[in-house]
Amino acid sequence: GEDVEQSLFLSVREGDSSVINCTYTDSSSTYLYWYKQEPGAGLQLLTYIFSNMDMKQDQRLTVLLNKKDKHLSLRIADTQTGDSAIYFCAERGSSASKIIFGSGTRLSIRP
Amino acid sequence: GAVVSQHPSWVICKSGTSVKIECRSLDFQATTMFWYRQFPKQSLMLMATSNEGSKATYEQGVEKDKFLINHASLTLSTLTVTSAHPEDSSFYICSASETSGNTIYFGEGSWLTVV
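Below: a short report on this structure.

## Brief notes about the overall build of chain B
Argument step 1. Helix and strand content of chain B: zero helices and eleven strands.
Argument step 2. The linear arrangement of helices and strands in chain B, starting from the amino end, is β-β-β-β-β-β-β-β-β-β-β.
Argument step 3. Its C-alpha atoms give chain B a radius of gyration of 13 Å, near enough to 13 Å, the size a compact globule of 115 residues would have.
Argument step 4. In terms of its C-alpha atoms, chain B occupies a principal-axis envelope of roughly 40 × 30 × 20 Å.
Argument step 5. Taken over 115 residues, chain B has a buried fraction of 51%.
Argument step 6. Of the contacts made within chain B by residues no fewer than 6 positions apart, 53% connect residues no fewer than 24 positions apart.

Written as structure tokens, this is what we have:
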């Protein structure tokens, strides 16, 4: 079945870039997403990439997709304290609209 | 602003009672909505796919008689937790997308505490 994996924790210094990695198994994925969840809150869609793209940039966010290796990454430039949250990678297959989530990566920012 | 709204945001109920959570798409019609459950410090687990005008499709291991889903209109799906127990305490999130949309929007989530 489909599976999405992420490392659980990432700690970066304020002002540095954060890179959160994700791997997935579904070769028929059509869209891949990054969501942000702050404590006690719902999910905020940060960005998404279509499977025929290999890069997407949106202000401080850069998404890289290696479809051959089924590897997705999210780079946050100039990381700020407000970026502290859990970041979920998710994929959407071609057969359904349901989204499969990774375990989430908790990003913490140190001064 | 939010395009998918959930209500209530917080609910506390007594063990053995039932509680209903609503999920509404505000700016679009959603033939399909999804219900997820999230335990503390864990990822979101898909519980069921809610289809307007037909029965929901439940994921393996989810009790359909315990988690009743009704999708009576194109903008509203409800999740009813029946005979709730403390182990049902969790964060429940719904999502929806437009029929031809690429983006799936999530509600703000509903915290359920069963005491």
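## Looking at the state of the cysteines
Formally, a disulfide is one covalent bond, and it connects the sulfur atom of one cysteine to the sulfur atom of another.
Argument step 1. Scanning the model with the defined rule gives two disulfides over all chains in all.
Argument step 2. Residue A:Cys22 pairs covalently with A:Cys89 via a disulfide, S to S 1.9 Å. Because the torsion about its S-S bond is -65 degrees, the bridge between A:Cys22 and A:Cys89 counts as left-handed. With A:Cys22 in strand 3 (residues 18-24) and A:Cys89 in strand 9 (residues 85-92), this residue pair connects regions lying 67 residues apart in the sequence. The burial state of A:Cys22 is the same as that of A:Cys89; both residues are buried.
Argument step 3. Paired through a disulfide, B:Cys23 and B:Cys94 show a sulfur-sulfur distance of 1.9 Å. Classification of the bridge connecting B:Cys23 and B:Cys94 rests on its S-S torsion, roughly 80 degrees, and on that basis the disulfide is right-handed. In this pair, B:Cys23 sits in strand 3 (residues 19-25) while B:Cys94 sits in strand 9 (residues 90-96), placing the two residues 71 residues apart along the sequence.
Argument step 4. Overall, B:Cys23 belongs to the buried group, its relative accessible area being 0%.

## Comments concerning the sheet that holds strand 7 (residues 61-66) of chain A
Residues and elements named next belong to chain A.
Argument step 1. Pairing is antiparallel across the open sheet formed by five strands, whose spatial order is 1-3-8-7-6. A strand with exactly one partner marks an edge of an open sheet, and here the two such strands are strand 1 (4-6) and strand 6 (55-58). Mean inter-strand twist for the sheet, computed between neighbouring axes without regard to direction, equals 15 degrees.
Argument step 2. Where strand 1 lies against strand 3, three bridges are found, and the strand directions are antiparallel. Following the sheet pairing, Gln 6 is matched in strand 3 by Cys 22.

Thresholds, definitions, all that
- Residues numbered from 1 in each chain as written.
- Chains lettered and ligands numbered in written order.
- Predicted model: local features only at pLDDT ≥ 70, side-chain atom pairs only at ≥ 80, totals over all residues.
- Heavy atoms only, no water.
- Helix = DSSP H or I, 4+ residues; strand = E, 2+ residues; numbered from the N terminus.
- Rg over C-alpha atoms; globule rule 2.2 N^0.38 Å.
- Buried < 20%, exposed > 50% of the residue type's maximum accessible area, 1.4 Å probe, protein only.
- Contact = heavy atoms within 4.5 Å.
- Disulfide = S-S within 2.5 Å.
- Pairing = 2+ DSSP bridges.
- Axes fitted to C-alpha atoms, helices over the stretch in contact; angles between N-to-C directions.

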